[in-house]
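Here are the chains, one letter per residue:
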Amino acid sequence: MIALRRLFAVWCVLTTICFMAPDQLVPTALAQAGKQAAPMPASVQVDLLRGLADIFSRGLDTLAVRLNSQGYSARVYSTDGWQTVARQTAERATRGHKDIVVLIGHSLGGNAVLQVADALDRRGIAVELVVVFDATEPMPVPKNVLHIVNFYQNNGFGKPLVAGPGFKGELSNIDLSADSSIRHVTIEKSPRLQAQVVAKIQEVVNKDLQAKLKTTKKKKKKAPKPQAVQQ
């Protein structure tokens, strides 16, 4: 009796599926796919440069882990690795990789990311975003930088950034001198500031992708004007 009931239940299910229209079989799968998170942008390269002796900038390691967990390609370097970052980025561009370039640096690493941007500027490579934490001797912002955020404390280490010749991007100097909970050796470790950095990366990446979609969108062909009929 139990076996007969099971067979009857299976027959009912199969009968229902057979009588369903083909277009009724797909929505469930599509609905499940729609619930999945949208894929990250194709290639977002985030290079982070530590400060003196790699000792006081470990907050960048935490930030890199967070970015990698969200689908970005984040790598951390010593300050003196800035030439390696510039060379690798330029080589990828030469091979046809169209990376969205993001540079983040703390203290001496903040100076170094601007050197990276300057080296890339000489190669004609744009830098989407630069984030600086309390750079000590930063150079003027190169003209190839589209967005730059400078978190600093004007108390002996950090200082506001200035635009270099031809710079037309977005420059945000954020003075944190009044925040006693932050010091030069802890500024890059602040969860609040790291959250702002992640949000800023997402913002500029979305802008970049929107701009690319607009440039690649096919233009509608205009209908030819009707010619006048000669009588």
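Residues numbered from 1 in each chain as written. Predicted model: local features only at pLDDT ≥ 70, side-chain atom pairs only at ≥ 80, totals over all residues. Heavy atoms only, no water.

J.: I keep staring at the pairing of strand E2 (residues 73-77) and nothing clicks. Help me out?
T.: When a strand is regular, its side chains alternate between the sheet's two faces. In terms of strand pairing, strand E1 (residues 44-49) meets E2 through five bridges, oriented parallel. Bridge pairing links Gln45 to Ser73 in E2. Taken together, E1, helix H3 (residues 59-69) and E2 form a β-α-β motif whose crossover is right-handed. (Pairing = 2+ DSSP bridges. Helix = DSSP H or I, 4+ residues; strand = E, 2+ residues; numbered from the N terminus. Right-handed = clockwise from strand over helix to strand, strands pointing away.)

J.: Please clarify how the packing of helix H4 (residues 82-94) against helix H5 (residues 108-121) should be interpreted in this entry.
T.: What describes two packed helices is the angle between their axes and the distance between those same axes. It is the contact of H4 with H5, at a shortest axis distance of 9 Å, that shows an interaxial angle of 35°. Like other packed secondary-structure pairs, H4 and H5 cross with a definite hand, here right-handed. Touching Trp82, Val85, Ala86, Thr89 and Ala90 of H4 are Ala112, Gln115, Val116, Ala119 and Leu120, all from H5. By residue class, the composition of the contact of H4 with H5 is eight nonpolar, two polar and no charged. (Axes fitted to C-alpha atoms, helices over the stretch in contact; angles between N-to-C directions. Left-handed = near helix turned anticlockwise from the far one by under 90°. Contact = heavy atoms within 4.5 Å. Nonpolar A, V, L, I, M, F, W, Y, C, P; charged D, E, K, R; others polar.)

J.: Honestly, the sheet that holds strand E5 (residues 145-152) in this entry has me stumped. Any pointers?
T.: To summarise the sheet geometry, strands pair through backbone hydrogen bonds and adopt either a parallel or an antiparallel arrangement. As summarised here, the arrangement of the six strands in space is E2-E1-E3-E4-E5-E6, forming an open sheet in which the pairing is parallel. Looking at which strands have only one partner, the edges of the open sheet turn out to be E2 and strand E6 (170-175). Direction aside, the axes of adjacent strands within the sheet are offset by 10° on average. Relative to E6, E5 runs parallel, the two being bridged by six bridges. By the bridge assignment, Tyr152 is partnered in E6 with Asp175. Sheet strands touched by H3: E1, E2, strand E3 (100-106) and strand E4 (127-133). Its angle to E2, the strand with the most contacts, is close to 165°. Those strands touched by H4 are E1, E2 and E3, and its axis lies near 170° from that of E1.

J.: Explanation requested: the packing of aromatic side chains in the structure shown.
T.: We describe a pair of aromatic rings using the distance from one ring centre to the other and the angle between the two ring planes. Applying the stated rule across the entire model yields one aromatic pair. With 5.4 Å between their ring centres and 20° between their planes, Phe133 and Phe151 make a pair best called stacked. Of the two residues, Phe133 sits in strand E4 while Phe151 sits in strand E5, which places them 18 residues apart along the sequence. Looking at Phe151, the relative accessible area reads 2%, which means it is buried. (Phe/Tyr/Trp six-rings, centres within 6.5 Å; stacked < 30°, edge-to-face > 60°. Buried < 20%, exposed > 50% of the residue type's maximum accessible area, 1.4 Å probe, protein only.)

J.: Help me understand a nonpolar patch on the surface, please; the structure alone is not making it clear to me.
T.: Taken together, the side chains of Leu52, Ile55, Phe56 and Leu108 define a hydrophobic patch exposed on the protein surface, amounting to about 370 Å² of accessible area. Inspection of the secondary structure assignment puts Leu52 in the loop between E1 and H3. Residue Leu52 is classed as exposed on the basis of its relative accessible area of 54%. (Patch = residues over 30% accessible without salt bridge, like charges linked within 9 Å, V, L, I, M, F, W, Y side chains within 5 Å. Areas by Shrake-Rupley, 256 points an atom, 1.4 Å probe, with all protein chains shown as cover. Salt bridge = Lys/Arg side-chain N within 4 Å of Asp/Glu carboxyl O.)

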